[in-house]
Amino acid sequence: MRMTKFATLAAGLILFTTGCGDKAATNPDTDHSVSGSDVTVDGLPPATADVHAHPSEGPHHGSLVELGNEEYHAEVVHDEKSVTVYILDSAAKKAVPIDASEVTINLMHDGTPEQFKLAASPDSGDADGKSSRFTLPDAALVGHIDDEASAPKLSVTIEGTAYRGEIKHDHDHEGHDHAGHDH
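Residues numbered from 1 in each chain as written. Predicted model: local features only at pLDDT ≥ 70, side-chain atom pairs only at ≥ 80, totals over all residues. Heavy atoms only, no water.

A look at the overall build of the protein chain
Piece 1. Scanning the protein chain for helices and strands turns up two helices and eight strands.
Piece 2. Secondary structure of the protein chain in N-to-C order comes out as α-β-β-β-β-β-β-α-β-β.
Piece 3. Per-residue burial over the protein chain gives 31% buried out of 183 residues.
Piece 4. The long-range share in the protein chain, meaning contacts at least 24 apart out of those at least 6 apart in sequence, stands at 45%.
Piece 5. Carbon and sulfur atoms make up 53% of the accessible area of the protein chain, which totals about 11500 Å². (Helix = DSSP H or I, 4+ residues; strand = E, 2+ residues; numbered from the N terminus. Buried < 20%, exposed > 50% of the residue type's maximum accessible area, 1.4 Å probe, protein only. Contact = heavy atoms within 4.5 Å. Areas by Shrake-Rupley, 256 points an atom, 1.4 Å probe, with all protein chains shown as cover.)

Quick look at the pairing of strand β8 (residues 161-166)
Consecutive side chains along a regular strand alternate between the two faces of the sheet.
Piece 1. Bridge analysis of strand β7 (residues 153-158) against β8 gives six bridges, and the strand direction is antiparallel. Each residue of the ladder has a partner; that of T157, found in β8, is A162.
Piece 2. Counted between consecutive antiparallel strands, the loop separating β7 from β8 contains two residues, among which E159 sits at a positive phi close to 50 degrees. (Pairing = 2+ DSSP bridges.)

Structural notes on the confidence of the model for the protein chain
Piece 1. When the pLDDT values of the protein chain are averaged, the result is 76; 62% of them are 70 or greater.
Piece 2. Across residues 3-41, where pLDDT falls below 50, the model places 23 contacts with residues more than four positions away in sequence or in other chains.
Piece 3. Note on residues 171-183: pLDDT under 50 across the span, and 17 contacts to partners over four residues away in sequence or across chains. (pLDDT = per-residue confidence, 0-100.)

Observations concerning the packing of aromatic side chains
Pairs of aromatic rings are described using the distance from one ring centre to the other and the angle between the two planes.
Piece 1. Scanning the entire structure with this criterion turns up one aromatic pair.
Piece 2. When the ring of Y72 is compared with that of Y163, the centres are 5.5 Å apart and the planes differ by 75 degrees; the resulting orientation is edge-to-face. Taken as a pair, Y72 in strand β2 (residues 72-78) and Y163 in strand β8 lie far apart in primary sequence, 91 residues in all. For the pair Y72 and Y163, a shared accessibility class is recorded, and that class is buried. (Phe/Tyr/Trp six-rings, centres within 6.5 Å; stacked < 30°, edge-to-face > 60°.)

Considering the nonpolar core
Piece 1. The biggest cluster of nonpolar side chains holds 26 residues, and the ones touching the most others in it are L67, V85, I87, I105, L118 and L141.
Piece 2. Of all elements in the fold, only β1 (63-67), β2, β3 (82-88), β4 (102-109), β5 (112-120), β6 (133-137), α2 (139-144) and β7 reach the threshold of two or more residues within this core.
Piece 3. Here I105 is in contact with V83, V85, E114, Q115, F116, L118, L141, I145, P152, K153, L154 and I167, once residues within four sequence places are set aside. (Core = buried A, V, L, I, M, F, W, Y, C linked by side-chain atoms within 4.5 Å.)

As structure tokens, then:
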């Protein structure tokens, strides 16, 4: 009887110290940290890490739109007269020229769906036949782009894959009229 209790205690102690096969926390050859709240399990980030760490605005100081599972981003910039969309990489920092002649913004205005097509306007560094910048001079679009009720969405095809992202209201401009925007 005494031997059974000892064997059970020893087996429990072995399981407790080995962590049920979690080699990430005990293998010194891995890149995993084993101190305090920074412990990771099977390659997951530490609990305190900000996994969504990308800029809150794009390189042109516009609003960012996530495309796909953050495979790409789009940056929406506008002034009083026109709207420009830049296609960016997953970090929302570098331009990504794409093989598209236009991108589309869909929104609701007074309960009616409206569609705006922004034409390719290649940036100086874009390869021939590709564009990372798309523009449309349209006062109606400018007037609706920051209206949360319009629920604007961007549609773009990149390398044969269709992406759609929500254009979120730029809260930095709340309470300002559209003429005061200086994107």
